[in-house]
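Each chain is listed here by its residues.
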Amino acid sequence: MIVEASSARLNHTVDVELMGLPRQAASGLRGILTRSSGYSGYPMSTLSSVRITILGSASAQPSSTRNHSSLALRLGGDAWLFDCGEATQHQIQKSSVKMGKVQKIFITHTHGDHIFGLLPVLAMRLNGAGGMVDVEDPRAASTPLEDVPPLEIYGPLGTRAYVRNGLTYTHTLLGAPYVVHELRFPTDPPSGDHTALAPHPLERPGRNIAQTDGVWPTIFEGALVTVSAAPIMHSVPCVGYVVNERPVPGKMDPKKYVPELKRTKTPMSVMSRLQQGESVTLSDGTVLHGPARKPGRKIVVLGDTYDPSPIAGLAEDACLLIHEATNAHLPGIDPDTKEVDTYESVKARTMSRGHSTPQMAGAFAKRIRARKLVLNHFSARYAGNDDVNEEARRVMDGIRSLAESTYGGEVVCARDLMSFDVGPCKE
């Protein structure tokens, strides 16, 4: 396993109640608790923010109001993309996501509506170009750029070959390196690149990650977050991803500690250790225990699926579940509803194509005890301008209600360029 340090911009958080302390003491403690203590163990820093931006919410065919599938997960200052449907680079330019902040890309499966935008994003992110006439393009130099960390791509078998062939046959030069890690299914070859082409000059060797007990327990491990994955059922090999924030400091009440520290003339700087959940032994033998750390945020991003059961164990108690809802039966709401259709017939047809209905998404959200459900990957028949169009709003409200009927929690229907924060999980 490769352990990597997260490159996210970090902020120090202080979850303490300073009310009731003298102003000078409160000010001093605030300074102590917002500086890094330098102690080992859990990192003092935590993510300043976790934010989702929907870049595309359409299924197989885009529409004038929905782009192909993609979303950005912003962790502090960095951005991770999940799927790159066609024109994702345009959506990024329209959004508040900064292309230069993209550090990782996770592909759920290699259907075109989820991967056709990957090469343009790579070329734009890594300063790509097609060469120069009569003058050597500096990007064609063989300088290894070993000090530049590669952009990381994760995906199923074929992702590496797709990227390599696409860059090679379009004569794309890059100004920075990339690496592709493939999540190999048991039926996949355990090694090799699935292509006879030599690596692109700026491609770095990637891992071929085998399953353990039917899942990929840890495909990325950073200082603040980890990522795991599992197969989900679709018409082709497909992956769902689980992003786990490491445990974060619990709520701290300085009034429980300050008197003991003053009594024993212990430096107030030990408050930073207590804030991290450590125990501190005072000069008279008294042991102070910091507040227990609490679970961090868990975000589950699924690709296309008619049954995500294999990921259920990893996804339990998610703060946020992002689940497809391609088709819905909406008699009396959707004017295109066929008279001969029933919910059962729509569900059967949807599943036969490897997809889900809103009720199926809601049922899975309830099964894993997700705190919030976001529906995406809608059929082109469902317009994505429900914020300004009354008919579209009625349809999306109907889809939301169907998911709520089997879930009972908060449901949001994704809209292109929608952004929202993922708050801390409940204690």
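Residue positions are given per chain, counting from 1 as you read along its sequence in written order. In view of the model being predicted, local features appear only for residues whose pLDDT reaches at least 70, and side-chain atom pairs are presented and counted only at 80 or more, with totals across whole chains, interfaces and linings using the full set of residues. Water and hydrogen atoms play no part in the side-chain values, which are based on all heavy atoms of the structure.

Draft legend 1. Layout of the overall build of the protein chain. Under the scheme used here, helices are H or I runs from DSSP no shorter than 4 residues and strands are E runs no shorter than 2 residues, and both carry numbers assigned from the N terminus. Per the secondary structure count, the protein chain includes eleven helices and 20 strands. Three exposure classes are used, based on accessible area relative to the maximum for each residue type with a 1.4 Å probe and protein chains only: buried under 20%, partly exposed in between, and exposed over 50%. Taking all 427 residues of the protein chain together, 51% fall into the buried category. Across the protein chain, every contact between residues at least 6 apart in sequence was considered, and the portion connecting residues at least 24 apart equals 69%. We call two residues in contact when some of their heavy atoms are within 4.5 Å.

Draft legend 2. Layout of the nonpolar core. The criterion is simple. A nonpolar core is a set of buried Ala, Val, Leu, Ile, Met, Phe, Trp, Tyr and Cys residues joined through side-chain atoms within 4.5 Å. Ranked by size, the top nonpolar core spans 68 residues in total, and within it Trp-80, Ile-219, Tyr-241, Leu-375 and Ile-399 carry the most contacts. Per element, the largest residue contribution to this core is six residues, and it comes from helix α11 (residues 390–407). When near neighbours in sequence (up to four residues on either side) are disregarded, Leu-375 contacts His-323, Ala-325, Pro-358, Ala-361, Ile-399, Ala-403, Val-411, Val-412, Cys-413 and Ala-414. In terms of nonpolar packing, the next biggest core, distinct from the first, is built from 26 residues, Leu-118, Leu-122, Ala-176 and Tyr-178 among them.

Draft legend 3. Structural view of the pattern of salt bridges. By convention in these notes, a salt bridge is any Lys or Arg side-chain nitrogen within 4 Å of a carboxyl oxygen on Asp or Glu. Tallied over the entire structure, the rule returns 23 salt bridges. Salt-bridge contacts for Glu-182 lead to Arg-160; the nearest nitrogen and oxygen are separated by 4.0 Å. Remark: Arg-160 occurs in helix α5 (residues 159–169) and Glu-182 occurs in strand β8 (residues 178–184); sequence separation between them is 22 residues. This pair shows no difference in class: Glu-182 is buried, exactly as Arg-160 is. We note a salt bridge from Arg-263 to Asp-284, for which the minimum N-O separation is 2.7 Å. Here the residue Arg-263 occupies a position in helix α6 (residues 258–263), and Asp-284 occupies one in the loop between β14 (279–281) and β15 (287–289), the gap between them amounting to 21 residues. By relative accessible area, which is 40% here, Asp-284 ends up partly exposed. Each of Arg-160, Arg-164, Glu-182, Arg-184, Asp-193 and Glu-203 takes part in salt bridges that share partners, so that together they form one network.

Draft legend 4. Quick peek at the side chain of Thr-172. Turning to its location among the elements, Thr-172 is positioned in the loop between α5 and β8. Accessibility expressed as a relative area gives 15% for Thr-172, which makes it buried. Reaching out from Thr-172, the side chain makes a polar contact with the side chain of Thr-170 at a distance of 2.7 Å. Not counting residues up to four positions away in its chain, the partners in contact with Thr-172 are Ala-123, Ala-129, Leu-167 and His-200. Polar contact criterion, stated in full: a pair of N or O atoms within 3.5 Å, where within protein one must be able to donate a hydrogen and the other to accept it, and residues adjacent in sequence count only if both atoms are side-chain atoms.

Draft legend 5. Main features of the packing of aromatic side chains. Aromatic pairs are defined between Phe, Tyr and Trp rings, using the six-membered ring for Trp, whenever the two ring centres lie within 6.5 Å; interplanar angles under 30 degrees are classed as stacked, those over 60 as edge-to-face, and all others as tilted. Going through the model one piece at a time under the given rule, you end up with seven aromatic pairs. Between Trp-80 and Phe-106, the ring centres sit 5.5 Å apart and the planes meet at 45 degrees, which makes this aromatic pair tilted. Note that Trp-80 is positioned in strand β5 (residues 78–82) and Phe-106 in strand β6 (residues 102–106), a separation of 26 residues in sequence. Take Trp-80: its relative accessible area is 3%, and that puts it in the buried class. Since its relative accessible area comes to 0%, Phe-106 is described here as buried.

Draft legend 6. Local environment of empty space enclosed by the protein. A cavity, in this analysis, means grid points on a 1 Å lattice covering only the protein atoms where a 1.4 Å probe fits yet has no way out; a pocket is instead an open set bounded by protein on both sides within 12 Å along at least five of seven lines, and a residue lines either one if it has an atom within 4 Å of a point. Grid points are joined across faces, edges and corners, and a volume is the space filled by probe spheres set on the points. Following the criterion strictly, the structure yields three cavities of 30 Å³ or more and no others. Approximately 110 Å³ is the volume attributed to the largest cavity. Surrounding the largest cavity, 14 residues form its lining, Ser-69, Leu-71, Asp-83, Leu-302 and Asn-376 being those nearest its centre. Gly counts as polar in this scheme, as do all residues outside two lists: the nonpolar Ala, Val, Leu, Ile, Met, Phe, Trp, Tyr, Cys and Pro, and the charged Asp, Glu, Lys and Arg. Of the residues belonging to the lining of the largest cavity, the class tally is four nonpolar, eight polar and two charged.

Draft legend 7. Fine view of unusual backbone geometry. Unusually for a residue other than glycine, His-171 sits at a positive phi of about 55 degrees. Mapped onto the fold, His-171 is located in the loop between α5 and β8. Under the relative-accessibility criterion, His-171 is labelled exposed at 60%. Positioned with a positive phi, His-377 is a non-glycine residue whose angle comes to about 60 degrees. Along the chain, His-377 turns up in the loop between β18 (372–376) and α11.

Draft legend 8. Seen up close, the packing of helix α10 (residues 358–367) against α11. Axis lines are fitted through C-alpha atoms, for helices just across the contact stretch, and the angle between N-to-C directions can take any value from 0 to 180 degrees. Closest axis-to-axis distance for the α10/α11 pair is 7 Å, and the angle between their directions is 35 degrees. Here α10 runs over α11; the crossing is right-handed. Contacts from Pro-358, Gln-359, Gly-362, Ala-363, Ala-365 and Lys-366 in α10 reach Ile-399, Leu-402, Ala-403, Ser-405, Thr-406 and Tyr-407 in α11. Per-class residue counts for the contact of α10 with α11 are seven nonpolar, four polar and one charged. Here a crossing is taken to be left-handed if its near helix is turned anticlockwise relative to the far helix by less than a right angle, and right-handed if that turn runs clockwise.

Draft legend 9. Region of the structure containing the pairing of strand β16 (residues 298–301). A two-sided burial pattern is seen for β16, the buried positions comprising Lys-298 and Val-300 on one face and Ile-299 and Val-301 on the other. Note: two strands are recorded as paired if DSSP finds a minimum of 2 bridges between them. Inspection of the sheet shows strand β13 (residues 238–245) paired to β16 by four bridges, in the antiparallel sense. Pairing of Asn-244 across the sheet is with Lys-298, part of β16. With three bridges joining them, β16 and strand β17 (residues 320–324) adopt parallel strand pairing. Looking at β17, one finds that Ile-299 is bridged to Leu-320.

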